Structures are given as structure tokens and as C-alpha cells.
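Below, each chain spelled out in residue letters.
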Amino acid sequence: MLRHSFSYKGIPLPAEIYDPETIDFVGNRFQVLDDDAFTVTYPKSGTNWMIEILSLIWQQGDPSWCRSVPIWDRSPWLESPNALEKLKSAKPPRLISSHLPIQLFPKSFWGSKAKVIYTFRNPKDLLVSLYHFSKLANFLEEPESLEELLGAFLQGEVLYGSWFDHVKGWLGLRGRENFFCISYEELQEDLRGSVGRICRFLGKDLSDAALASVVQNASFQAMRDNPMANYSLLPGNILDKTKGSFLRKGVVGDWKNHFTVAQSERFGRAYQERMQDLAGTFPWDE
Ligand code: PPS
């Protein structure tokens, strides 16, 4: 599963879009600013959904920015070489996205007041999302089967490394004033309430009409219809849109349509072993 990767401090990263020099720069020399707001996720956990929500909050619910600027320019990817250039000219306060595990995050974050919003998702659904995405993303190795991807995922032999370590690493920041975490499932269950909580964390006071506009414009359908958010602008050599959509299904529980009973049990055993210290933390634990 790691054919198209390089390893940086033991974490496999996509070699076709990133490089070790940039990751090293990001970790050691990138200057985080106090008013930066980071969206951090393990891949396929709802990153772009959160970017859209934050973009809309940034604009008090006005969708013009979301409809006129590609999502990757509104919240550049920290680990991407191009993004660093964009971030230099970005007008503060900056929105920034990242999949980096906590140990590779910029050192300058630790002395700053910058905010991190960490979004996590049921790993079984995330795996299904990744499985489908691997078919269209040319920078990912396409697994032969879900079974193959599942084995690699449980071993942490996938891009960005172990989901278990990623989540445990970041959730270790719970309780800090500048850290907020939320699940994809909570966003699905109550988007308006979730947006309200995110606004409170960011110190943004939105009117009821502005909140309603955030909810409406960050819906799955609105994002799917928005060329600036649905990845249709990416060239075919990066994302082969003939093989599927980036905004694929956008639901909770799709794993039930993909996992066999044996796969679910195998996953469950590994999950219990690795996550027992966080038992009961996640909506899918219920
Ligand atoms: S990536 O490639 O890691 O940045 O992908 P990421 O954005 O983290 O996750 C993609 C999945 O999020 C779903 N998505 C949404 N679901 C519900 N509502 C909205 N608005 C929304 N936007 C994105 C997207 O469809 C992917 O999930 P799947 O299960 O594949 O549909």
C-alpha cells in the first residue's frame, strides 16, 4: 500500500505530491501565527467538510468566497510545497489544513495561541471512503481488495501511518484552550449545533441567518454542486473523475455495506486492543 510513498520519521507520506524537505521545513521552521486556525484530520475523516464550514464561518455565512475560490486555496495544505507559497501571501487570520500526526506538526505551534480543530470519523467508514478514493486518486496505490487495505490499515502501513496513533496523539490535547475536537458523526447528527460549538471555540458570533447559511452551504449536496469544493477542478492525472466522485456518499455507517462479519470482528479486536484507554470517547463506541 506504500508504493507511492516516502517515509519521514517513520510516517509514510505521498511521494507524488509531497517531499521530505517540505515536511522538514514545516516541522522545524514554519512560523505559526497566533491567529491561525488549523483543520487537522487523519485522511478521509471530513477534512474538506470542516474547511467548508470554517470558510463559511470566516465569511459570516456569505458563500461568495466558497463559490469563487478553490477549497485548497482557502485553506492550504500545510504539507504541500505549493501551499507554503500560498500561505506566505494569505491574509491573516489564515485557515490551514493538515493530515500530519502530532509529532510532525510545526514546533512553533506549541508556543502559539493558534487554534486546532481536529475532526475524527469512525475508522470503518473512513476505511471504506479511502478504499473508494484509492481508485480515483493517482497518488495512492489502489488495493486489490478491501481486505488488503484493512490489513495494511490495522498495521499502520498506509499513508500518514497508524490511525490509532494519530487519533490518540491529537486527542491528548483535549482540555487545552486552543484545541477543539469533533466527530464526523456529530456533524452529521446536528450540523447547526456543531457549527454553533465551533463558532464559540473560535470566538465568532454569527447571527441566526448566518448560521443557517453555513449549514445550508456546507451540506453534502451544496458542496457536491460547488466546483470550488467538489474537486472537479483537479486535473485528471491527479484525480481520475471518470472513476468516481471525491464527494462520494457522505453518510455514516457505509461500512455495513462493505465489511463482512469476519472483517468487522477482526477490526473490532484490533480496535479494542489499541483504543481501550479511550473506550466510550467516540460516538461509534455506543
Ligand atoms: S481527504 O482526501 O482526506 O481530504 O478527504 P476528507 O475531506 O477528509 O474526507 C472525504 C469524505 O468526507 C465526505 N464529505 C462529506 N460528508 C458529509 N457532508 C459533507 N458536506 C461532506 N463533505 C465531504 C466525503 O464524501 C468523503 O466521504 P465518503 O464516505 O467517501 O463519501
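Residues numbered from 1 in each chain as written. Predicted model: local features only at pLDDT ≥ 70, side-chain atom pairs only at ≥ 80, totals over all residues. Heavy atoms only, no water.

(A) Quick look at the sheet that holds strand 4 (residues 95-98). Taken in spatial order, the four strands of this open sheet run 4-3-5-6, and their pairing is parallel. Bordering the open sheet on either side are strand 4 and strand 6 (179-183), each of which pairs with just one other strand. Shown here is a sheet whose adjacent strand axes are inclined to one another by a mean of 20°, direction ignored. For strand 3 (residues 37-41) and strand 5 (residues 115-120), the ladder comprises five bridges, and the chain directions are parallel. (Pairing = 2+ DSSP bridges. Helix = DSSP H or I, 4+ residues; strand = E, 2+ residues; numbered from the N terminus. Axes fitted to C-alpha atoms, helices over the stretch in contact; angles between N-to-C directions.)

(B) Here's a closer look at the side chain of Ser55. Mapped onto the elements, Ser55 comes out in helix 2 (residues 47-58). Ser55 gets classed as buried once you look at its relative accessible area, which sits at 0%. (Buried < 20%, exposed > 50% of the residue type's maximum accessible area, 1.4 Å probe, protein only.)

(C) Local environment of the environment of Ala37. Tracing the chain through its elements places Ala37 in strand 3. A C-alpha to C-alpha distance of 5.9 Å links Ala37 and Ala114, two positions 77 residues apart in sequence. Beyond its immediate sequence surroundings of up to four residues, Ala37 is in contact with Trp58, Arg94, Leu95, Ile96, Lys115 and Leu202. (Contact = heavy atoms within 4.5 Å.)

(D) Up close: helix 8 (residues 163-171). Within helix 8 the residues assigned to the buried category are Trp163, Phe164, His166, Val167, Trp170 and Leu171. Projected down its long axis, helix 8 carries its buried residues within an arc of 165°, all on one side. Packing partners of the buried residues in helix 8 comprise strand 3, strand 5, helix 6 (123-136), helix 7 (146-155), strand 6 and helix 13 (261-275). Backbone nitrogen of Phe164 and a side-chain oxygen of the N-cap are separated by 3.1 Å at the start of helix 8; the cap is Ser162. (Arc of directions from axis to C-beta. Polar contact = N/O pair within 3.5 Å; in protein donor to acceptor, adjacent residues only side chain to side chain.)

(E) Looking closely at the layout of surface pockets. Estimated volume of the second largest pocket: approximately 170 Å³. In terms of lining, the second largest pocket is formed by Asn122, Pro123, Lys124, Trp255, Ser264, Phe267, Gly268, Tyr271 and Trp284. Looking at the lining of the second largest pocket, the elements that each hand over two or more residues are helix 6 and helix 13. Looking at the lining of the second largest pocket, the element that brings in the most residues is helix 13, giving four residues. Tallied by class, residues from the lining of the second largest pocket come to five nonpolar, three polar and one charged. (1 Å grid on protein atoms, 1.4 Å probe; cavity = no way out; pocket = protein on both sides within 12 Å on 5 of 7 lines; lining within 4 Å. Points joined across faces, edges and corners; volume = space filled by probe spheres on them. Nonpolar A, V, L, I, M, F, W, Y, C, P; charged D, E, K, R; others polar.)

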